[in-house]
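What the coordinates show
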Amino acid sequence: GRVYTLANNAYLTFLTKSYYQDETFYQNNYFLCRNKNCVDYTKVCNLVDDCGDASDEEMCTNSFKCTSSQDYIPITGKCDGAIDCLDLSDECNERCDKSIISGIFLKAVSWTIGFLAVVMNLIIMARIHGLSRTADPLLLCLTKL
């Protein structure tokens with residue numbers, strides 16, 4: 001069919017004119033994207049950015065938007081125990097009431113272990129590569145521990 005436009009106050013409506021058994025039908029099958037592109041309504045809320053500006057996915061209740069990748073996953077994938085977003089935003093967020101490490105004590109212990117691992121790796125690397133007197137004084141002090 002052909003695309004026709006009809007003025008309706010401040011809105012522009014896109015209609016498709018179709019013929020079936022000697023009758024004429026007008027259908028509004030298009031979604032107007034924020035960037036002024038038009039997509040078929042079958043492409044709205046389908047977890048794919050068909051508009052190019054994600055306006056066809058923004059107000060959908062059937063999807064969850066990953067924080068860093070901006071990908072959309074089905075809403076059933078949020079807080080289900082399986083990681084669907086590379087940044088873990090579908091599982092580790094305030095709505096799921098989960099975090100990778102919970103509690104201030106465990107967080108402090110993990111930071112301490114991480115810091116000590118870096119220091120110990122520096123010491124090991126310094127001993128392997130034979131630290132000279134011209135090396136950084138901090139590393140020289142660490143190797144004497």
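The preceding data block contains the structure.
What comes next concerns the included structure. (Residues numbered from 1 in each chain as written. Predicted model: local features only at pLDDT ≥ 70, side-chain atom pairs only at ≥ 80, totals over all residues. Heavy atoms only, no water.)

1. So, the overall build of the chain
Let me state the cut-off plainly: For the purposes of this entry, the term helix denotes a DSSP run of H or I that reaches at least four residues, the term strand denotes a run of E that reaches at least two, and both are numbered from the N terminus. Type-normalised accessible area, obtained with a 1.4 Å probe on protein chains alone, sets the label of each residue: buried when under 20%, exposed when over 50%, and partly exposed for intermediate values. By the convention used here, residues are in contact when the closest approach between their heavy atoms is within 4.5 Å. All accessible-area figures derive from a Shrake-Rupley calculation using a 1.4 Å probe, and residue coverage is judged against the displayed protein chains alone.
When helices and strands are counted, the chain shows two helices and seven strands. In the chain, the order of α-helices and β-strands from amino to carboxyl end is β-β-β-β-β-β-β-α-α. Looking at the chain as a whole, 22% of its 145 residues qualify as buried. Here the analysis covers contacts within the chain between residues at least 6 apart in sequence; of these, 7% occur between residues at least 24 apart. Accessible surface, the chain as shown: approximately 11,000 Å² in total, 59% of it carbon and sulfur.

2. Points about the state of the cysteines
We apply this condition: The disulfide criterion used throughout: a pair of cysteine sulfur atoms within 2.5 Å.
Inspection of every chain in the model, using the stated rule, returns three disulfides. Paired through a disulfide, Cys33 and Cys51 show a sulfur-sulfur distance of 1.9 Å. Looking down the S-S bond of the Cys33 and Cys51 bridge, the torsion is -70 degrees, so its handedness is left-handed. Of this pair, Cys33 sits in the loop between β4 (30–32) and β5 (38–40) while Cys51 is found in the loop between β5 and β6 (63–65), placing the two residues 18 residues apart along the sequence. You can call Cys33 buried: its relative accessible area is 2%. Put simply, Cys45 and Cys60 are joined by a disulfide, and their sulfur atoms are 1.9 Å apart.

3. Some points on the pattern of salt bridges
Note the threshold: Salt bridge, as used here: a side-chain nitrogen of Lys or Arg that lies within 4 Å of a carboxyl oxygen of Asp or Glu.
Counting across every chain of the model gives one salt bridge. Of the charged contacts in the structure, one is a salt bridge between Arg34 and Glu58, with a shortest N-O distance of 2.8 Å. Of this pair, Arg34 sits in the loop between β4 and β5 while Glu58 sits in the loop between β5 and β6, and the two are 24 residues apart along the sequence. The exposure class of Arg34 is partly exposed, given its relative accessible area of 49%.

4. Observations concerning unusual backbone geometry
Residue Lys36 is not a glycine yet carries a positive backbone phi of 75 degrees. One can find Lys36 in the loop between β4 and β5. Positive phi, normally seen in glycine, also occurs at Leu88, with a value near 65 degrees. In this structure, Leu88 sits in the loop between β7 (72–74) and α1 (104–128). Residue Leu88 is classed as partly exposed on the basis of its relative accessible area of 22%.

5. Notes on the packing of aromatic side chains
How two aromatic rings sit relative to each other is given by the distance of their centres and the angle of their planes. For the record, the criterion: Each pair of aromatic rings taken from Phe, Tyr and Trp, with Trp reduced to its six-membered ring, is defined by centres within 6.5 Å and is described as stacked if the planes are under 30 degrees apart, edge-to-face if over 60, and tilted in the remaining cases.
Under the counting rule described, the total for this entry stands at one aromatic pair. Ring plane angle 70 degrees and centroid distance 6.1 Å describe the contact between Phe31 and Tyr41, whose orientation is recorded as edge-to-face. Of this pair, Phe31 sits in strand β4 while Tyr41 sits in the loop between β5 and β6, placing them ten residues apart in sequence. A relative accessible area of 19% places Phe31 in the buried class. On the accessibility criterion, Tyr41 (41% relative accessible area) is partly exposed.

6. Looking at the environment of Asn28
As for its position among the elements, Asn28 is in the loop between β3 (23–27) and β4. Remark: the alpha-carbon pair of Asn28 and Thr16, spanning twelve residues in sequence, is separated by 6.4 Å.

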